[in-house]
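Architecture and fold: a report
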Amino acid sequence: MSETSTSAADGLDLASPFRNRLAFDLDVDICVVGAGLAGLTVAREAARLGASVAVLEGRQVGWNASGHHLGTVLPGFGLPISDVIERVGLDDARELWALSKLGVDYVRATATEELIPGIAMSEGALEVSNVDAGESLVSRLQILAEDFATEVEGWQVDHVRSVLRTGRYFHGIYFPKALQIDGRKYVHGLAALATRAGARIFEETPVVSIDFSGIRKRIVTPSARLRATHIVLAGNIHLGAPLKRLSDTLLPVWRYAALTEPLGAGLGEAIAFPGSVTDSDGIDHFRIVGGDRLLWASPETTWSARPKRFGAAVQRRIATVFPQLGKVPISDVFGGAVGVTVHGMPQIGQLRKGLWVASGFGRQGLNTSALAGQLIARSILWGDDRWRLFSPFELVWAGGTTGRVAGHFISLWSRGASSAAGVLARYREGARAKERRREARLAEANLKAGTRGPPPRRPPGAVRPVPPPAPAAAEEGGEPYRGPSRESERIPGAGM
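To keep things clear, this report deals only with the structure shown in the data block. Every value quoted in this text rests on a predicted model; they were computed, and no experiment measured them. (Residues numbered from 1 in each chain as written. Predicted model: local features only at pLDDT ≥ 70, side-chain atom pairs only at ≥ 80, totals over all residues. Heavy atoms only, no water.)

Their axes nearest at 7 Å, the elements helix 4 (residues 90-110) and helix 11 (residues 365-382) cross at an angle of 95°. By the criterion of interaxial angle, the relationship of helix 4 to helix 11 is roughly perpendicular. Contact with helix 4, carried on its side by Leu99, Ser100, Leu102, Gly103, Val104, Tyr106 and Val107, involves Leu366, Asn367, Ala370, Leu371, Gln374 and Leu375 of helix 11 and no other residues of that element. Considering only residue class, the contact of helix 4 with helix 11 consists of nine nonpolar, four polar and no charged. (Axes fitted to C-alpha atoms, helices over the stretch in contact; angles between N-to-C directions. Helix = DSSP H or I, 4+ residues; strand = E, 2+ residues; numbered from the N terminus. Parallel < 35°, antiparallel > 145°, perpendicular 65-115°, else oblique. Contact = heavy atoms within 4.5 Å. Nonpolar A, V, L, I, M, F, W, Y, C, P; charged D, E, K, R; others polar.)

Here it is as structure tokens:
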């Protein structure tokens, strides 16, 4: 593949260097359950700080969402920043946002060609609106730039449409310091770096049971036992029966993406933006890879399904947003499940002494899993207590099967509402453009006829001007009263 390959382009059958399963009893300082982005970051950072670490993975490294995403890294959380401020106040919201930027910096420092060859990092991310939302854009820009010291740019409609040649998008927010990476290479590179730091990773080693009591916790696997002072639960929705109560605090959401065949020069004519693009409603997320291939994520379900079923849906979505591309040929379709919390914030912290959780990262997984790994490793070994900033976002039951059904219909309703709002916004834009053209033609006709055009229309709701009162008439047969003469102002003593 080319340097800008992605997890999907690399395929799902890469040989893993971590095929050994745990077949002997082991005693370590920290046991991490789950070899995804969060678990591997904990393992790497804890090993670098001198702890003995074992990672238990029931399947393979990065087999789920951690290895199957578009690789966009930018600050923030799944919960809008205005809602974070409302929940915890401005000061704590600033600290949480700073932590999210710390996660971005960690990925940027790790995803280098020197540490992970072929990572293909590129910069810049654009969030576009489906409706004409100029006022809310200005408000959000002020919050991000002034209150949260984030480098952002507001793009007007013309600017957005100069790089995304579609009439479906209006204003945009550009994050110049955001980045994109090859997601699959990153998760496997992170595992290699953790191993190099001294962590031991065991695949095909599911956890059968955990005994949390005592200073030394006991973990049982099918073929061996393990003891550890600290256990980090980083398996997201896949923790299994021993930790079902924790898994039930997450709503599983499967998101599917497709990679097109090479599309040639026509792709660059339709999409001239080199970074990743997402709409403000979270429906579409796409970017160009390999120079002339399009990677596009859109469909979601709250149950597991075969990804191939959604290839045609992505194909139709691309044709809807960029009709000039037509029916694009699809090379591969893939999917992965993320865990979404009820409140939208990740689960990061200590559940009880020696038992930690790092999960619930939702669609904002790269930066938040990176900050979670750093916070937990530093808390265990250095006493860093910044994880307590996430304490207001407690564990909440996600509703089980009922929650999945409700989540599915809420998603359908949200997408339908977004689509309807977009249609209405584009209709209003067309109506305004039609009115401007009509007025321009009328003005031109009046100019040619040598007449003045009609007076400008008052905006709706404007107050009609009131004419000044007529001068009072004098008595019948007399002259109207004209008020005192101004001559008196020049005659001393007059007008008294």
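What follows concerns the packing of aromatic side chains. Per the counting criterion, the structure on display carries eleven aromatic pairs. Each ring, one from Phe24 and one from Phe202, has its centre 6.1 Å from the other, and the planes form 80°; the classification is edge-to-face. Placement of Phe24 in the loop between helix 1 (7-10) and strand 1 (26-33) and of Phe202 in strand 7 (residues 200-202) is noted, with a sequence separation of 178 residues between them. On the numbers, 5.9 Å between centres and 85° between planes, the contact of Tyr174 with Phe273 is edge-to-face. You can see Tyr174 sitting in strand 6 (residues 172-180) and its partner Phe273 sitting in the loop between helix 9 (265-270) and strand 12 (276-279), a full 99 residues away along the chain. Each member of the pair Tyr174 and Phe273 is classed as buried. Of the aromatic side chains, those joined through ring pairs into one cluster are Trp155, Tyr174 and Phe273. Of note, Arg59 hangs over the ring of Trp63, and the distance from its end group to the ring centre comes to 4.0 Å. Above the plane of the ring of Phe170 lies Arg161, whose end atom (NZ or CZ) is 4.9 Å from the centre. (Phe/Tyr/Trp six-rings, centres within 6.5 Å; stacked < 30°, edge-to-face > 60°. Buried < 20%, exposed > 50% of the residue type's maximum accessible area, 1.4 Å probe, protein only. Lys NZ or Arg CZ within 6 Å of the ring centre and 35° of its normal.)

By the definition in use, this model includes 14 salt bridges. A salt bridge links Asp27 to Arg216; the shortest N-O distance between them is 1.8 Å. Linking Asp27 in strand 1 with Arg216 in the loop between strand 8 (209-211) and strand 9 (217-220), this pair joins segments that are 189 residues apart in sequence. Residue Arg216 is classed as partly exposed on the basis of its relative accessible area, which comes to 23%. Note that Glu300 is salt-bridged to Arg363, the shortest N-O span being 2.7 Å. Linking Glu300 in strand 14 (residues 293-301) with Arg363 in the loop between strand 17 (355-359) and helix 11, this pair joins segments that are 63 residues apart in sequence. Here Arg363 falls in the exposed class, since its relative accessible area comes to 52%. (Salt bridge = Lys/Arg side-chain N within 4 Å of Asp/Glu carboxyl O.)

With that settled, the discussion passes to the environment of Gly268. Within the element layout of this structure, Gly268 appears in helix 9. Of the residues examined, Gly268 reaches a relative accessible area of 39% and is grouped as partly exposed. Remark: the alpha-carbon pair of Gly268 and Arg293, spanning 25 residues in sequence, is separated by 9.7 Å.

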